[in-house]
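Descriptive structure summary
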Amino acid sequence: MSILHNDWNELVGNEFTRSYYLELREFLKREFETETVYPPMGQLYEALHTTSYQQTKVVILGQDPYHGPGQAHGLSFSVKPNVNVPPSLKNIYKELAVDIGCTPVDHGYLKAWADQGVLLLNTVLSVRKKQPGSHQGKGWERFTNKVIEVLNEREQPVIFLLWGRHAQAKESMIDTSRHYVLKSPHPSPFSANKGFFGSRPFSTINRILVKIERTPINWQLPMKAELPTDAG
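The structure reproduced in this document is the subject of the present report. Nothing here was measured: the structure is a model prediction, and the numbers come from that model. (Residues numbered from 1 in each chain as written. Predicted model: local features only at pLDDT ≥ 70, side-chain atom pairs only at ≥ 80, totals over all residues. Heavy atoms only, no water.)

So, the side chain of His-73
Tracing the chain through its elements places His-73 in the loop between strand E2 (58-62) and helix H4 (87-100). Judged by its relative accessible area of 2%, His-73 falls in the buried class. Of the polar contacts made by the side chain of His-73, one reaches the side chain of Ser-78; its length is 2.7 Å. (Helix = DSSP H or I, 4+ residues; strand = E, 2+ residues; numbered from the N terminus. Buried < 20%, exposed > 50% of the residue type's maximum accessible area, 1.4 Å probe, protein only. Polar contact = N/O pair within 3.5 Å; in protein donor to acceptor, adjacent residues only side chain to side chain.)

Regarding helix H8 (residues 201-211)
In terms of residue burial, H8 counts as a mostly covered element, since eight of its 11 residues are buried. Looking at the buried residues of H8, the elements they touch are E2, H4, helix H5 (111-114), strand E5 (159-163) and strand E6 (180-184). Positive backbone phi, at 60°, marks Glu-213, one or two positions downstream of H8. (Contact = heavy atoms within 4.5 Å.)

Looking at the sheet that holds strand E3 (residues 118-122)
Here four strands make up an open sheet; going across it, the order is E3-E2-E5-E6 and the pairing parallel. The open sheet has two edge strands, E3 and E6, and neither has a second partner. Neighbour-to-neighbour, the strand axes of this sheet turn through a mean angle of 20°, independent of strand direction. Pairing geometry for E2 and E3, over five bridges, is parallel. Directly across from Leu-61, in E3, lies its bridge partner Leu-121. Contacting E2, E3 and E5, helix H6 (residues 140-152) runs over the sheet at an angle of about 150° to E3. (Pairing = 2+ DSSP bridges. Axes fitted to C-alpha atoms, helices over the stretch in contact; angles between N-to-C directions.)

Now the structure itself:
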């Protein structure tokens, strides 16, 4: 049975048979049995399931999932609709409002972006409750590097949005003669004032998409009342 249900399976499905991944799987089995782990097991690959390889226009690279109860659901920077909007995402919304006039919404659920081809990918796809970084160095990075690698091999340009040093460490994997890399400090409260605010990534992305003859992203999210009842 395939773990991935779309074109990603053909491109990165072989990773699931490699020794590093089998070790990662055993680690995850133990973690899910003995600890509280986020996101739920069924949402570990939500980013890839929501945004196919063919559909991907933009990659927003996060680090590891949110580690608080009920927050993470498999998309970087996104939280489930009934969870408080995290500080980094509040800052993203502030920049969205200044950059392209988007109305800040009453939730942090970003699936509407993923549905339009924004791959919301964390470099590590799981975390132990209240222990940020607890699943780093277990094999996830190798898997998500493969995702970046196959996007980099694509002829059709991809726009990579790299916020903060951790994401920017992946720039060396990207052929910037073919793809686009946008960089700024991370939107977290610790660094947003050091260059994230005023970086205008969303209008820049849409200008590039027009230039390469792809449909721009509608960055305006629906309000919570407009979300599907099964959201998150």
